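Architecture and fold: a report
Listed below, chain by chain, are the residues.
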Amino acid sequence: MKKYLLFLFTLVIMSCSKDDFSEQSIESKIVVEGWIEEGDYAQVLLSSSIPVTDVIDSTNVLNHVIRSAKITISDGQTSEVLRVKNDKNRVPPFVYYGTTLKGEAGKEYSLKIEYLSRVIEAVTTIPKTVAIKSAEYVKKNATDTTGYVFVKFDDPLEDKNYYQVATKIDAEEPIFVPAFYGNLDDKNFTSANVSIQVNRGILLFPKTKFTPYFADGDLIYVKLRTQNKDTLDFWNSWQNEIVNSKNPIYPSNTSLKSNIKGGLGIWAGYGQSTLIVKTPPKK
């Protein structure tokens, strides 16, 4: 059964306005969605940009996936060339992945992509993890069959932190999806004891109509990520595109932030803490 593509991937692919089309048609952009989390290996999705006049569907997205690039990551001491694997639970089903370098908090990781005559580079660091204290499924009324997740954690006063909350529904979503309005700057917290409502994030090509809440019967993985300022800026600009254009398929302008030199997208390092939330059985 085919699953979904993280919405960000295709949104960034199409992050060109009609005013830019003449330039985009001459040479496509390389689009990167890459990350390395504390305690896990790097993953990278790679594509070429899609012209604004093209039809956007899973088949066309697949046609723009890049499967023959050389991707190298390094922590300054050890380097690793990522491999490509076929993951049938994703659209597109091709992911570059690492097996040697596991993410460590405080370390810097460089990314180098070599494809045809192009070289794309980026650097990120992994911030210290902040642990989730609790995650709870809450319904407005006891008779409701849907609800939201509320997450609690303590923001360290001695550190400057930027956060992202992401969720994954077991057997329905293959990857963690950033929650809508789930990117947080601790300058906006009124207390070190943080409690927030988690709104379900947006996916492309879902099996059912998108809703911002969770439902009875869901087994929900909730992840609190610590991230860097450039990653926060990227995700906030992505979110603004959705809010302003009110169209999850075609963004309104080219304001997406990026830390990719020679391309578009994001190379992110994350600290991470994950809890599982069980909801009542579906009636």
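Residues numbered from 1 in each chain as written. Predicted model: local features only at pLDDT ≥ 70, side-chain atom pairs only at ≥ 80, totals over all residues. Heavy atoms only, no water.

When helices and strands are tallied, the protein shows 4 helices and 18 strands. Out of the 283 residues belonging to the protein, those deemed buried represent 50%. Look at the contacts in the protein between residues 6 or more apart in sequence, and 69% of them connect residues 24 or more apart. When the accessible surface of the protein is split by element, carbon and sulfur atoms take 48% of a total near 13,700 Å². (Helix = DSSP H or I, 4+ residues; strand = E, 2+ residues; numbered from the N terminus. Buried < 20%, exposed > 50% of the residue type's maximum accessible area, 1.4 Å probe, protein only. Contact = heavy atoms within 4.5 Å. Areas by Shrake-Rupley, 256 points an atom, 1.4 Å probe, with all protein chains shown as cover.)

The next point concerns the sheet that holds strand β17 (residues 219-227). Pairing is mixed in the open sheet, where 8 strands are placed in the order β6-β7-β3-β2-β18-β17-β12-β13. Of all strands in the sheet, those bounded by a partner on one side alone are β6 (83-86) and β13 (177-185). With direction set aside, neighbouring strand axes in the sheet form an average angle of 30°. Here 6 bridges tie strand β2 (residues 30-37) to strand β3 (residues 41-48), and the two strands are oriented antiparallel to one another. Counterpart to tryptophan 35 in the pairing with β3 is glutamine 43. (Pairing = 2+ DSSP bridges. Axes fitted to C-alpha atoms, helices over the stretch in contact; angles between N-to-C directions.)

Turning our eyes to something else, we now look at the sheet that holds strand β5 (residues 79-81). Reading across from one edge, β5-β4-β8-β9 is the order of the 4 strands in this open sheet, with antiparallel pairing throughout. Two strands in the sheet have a free side with no partner beyond their single neighbour: β5 and β9 (118-125). When the angles between neighbouring strand axes are averaged without regard to direction, this sheet yields 15°. Relative to β9, strand β8 (residues 108-115) is paired through 8 bridges, and the arrangement is antiparallel. Counterpart to leucine 111 in the pairing with β9 is alanine 122.

Right, let's talk about the packing of aromatic side chains for a bit. What the rule picks out here adds up to 7 aromatic pairs. Seen from their ring centres, phenylalanine 153 and phenylalanine 189 are 6.1 Å apart, and the 70° between their planes marks the pair as edge-to-face. Of this pair, phenylalanine 153 sits in strand β11 (residues 146-154) while phenylalanine 189 sits in the loop between β13 and β14 (193-198), and the two are 36 residues apart along the sequence. Across the pair, exposure class does not vary: phenylalanine 153 and phenylalanine 189 are buried alike. These aromatic residues form a ring-pair network of at least three members: Phe153, Tyr163 and Phe189. For the cation-ring pair, lysine 85 lies above tyrosine 97, with the distance from its terminal atom to the ring centre recorded as 4.9 Å. (Phe/Tyr/Trp six-rings, centres within 6.5 Å; stacked < 30°, edge-to-face > 60°. Lys NZ or Arg CZ within 6 Å of the ring centre and 35° of its normal.)

This part takes up the pairing of β2. On a regular strand, one side chain projects to one face of the sheet and the next to the other, so that they alternate. Within β2, 8 of the 8 residues are buried, which leaves the element mostly enclosed by the surrounding structure. Every second residue of β2 is oriented toward a common face, with Ile30, Val32, Gly34 and Ile36 on one face and Val31, Glu33, Trp35 and Glu37 on the other, all of them buried. Between the end of β2 and the start of β3, which pair antiparallel, lie 3 residues, with glycine 39 showing a positive phi angle near 80°. By the bridge criterion, 7 bridges tie β2 to strand β18 (residues 264-278) in an arrangement that is parallel. Among the inter-strand pairings, glycine 34 is bridged to a residue of β18, identified as tryptophan 267.

A positive phi angle is found at leucine 116, which is not glycine, with a value near 55°. With a phi angle near 70°, alanine 171 is a residue other than glycine that sits in the positive phi range. For alanine 171, the location among the structural elements is in the loop between β12 (162-169) and β13. A residue is classified by how much of its surface remains accessible, and alanine 171, at 63% relative accessible area, is exposed.

With 78% of its residues at a pLDDT of 70 or more, the protein has an overall mean of 83. A low-confidence stretch, residues 1-26 stays under pLDDT 50, and its non-local contacts, those more than four residues away or across chains, total 98 contacts. Scored below 50 in pLDDT, residues 246-253 makes 22 contacts in the model with residues more than four places away or belonging to other chains. (pLDDT = per-residue confidence, 0-100.)

Moving on to the pattern of salt bridges. Tallying each qualifying case throughout the model produces 12 salt bridges. Residue lysine 133 is joined to aspartate 154 by a salt bridge in which the shortest nitrogen-to-oxygen separation is 3.6 Å. Of this pair, lysine 133 sits in strand β10 (residues 132-138) while aspartate 154 sits in strand β11; the two residues are 21 residues apart in sequence, bridging distant segments of the chain. Lysine 133 gets classed as exposed once you look at its relative accessible area, which sits at 54%. When salt bridges with common partners are traced through the structure, they connect Glu37, Lys223 and Arg225 into a single cluster. (Salt bridge = Lys/Arg side-chain N within 4 Å of Asp/Glu carboxyl O.)

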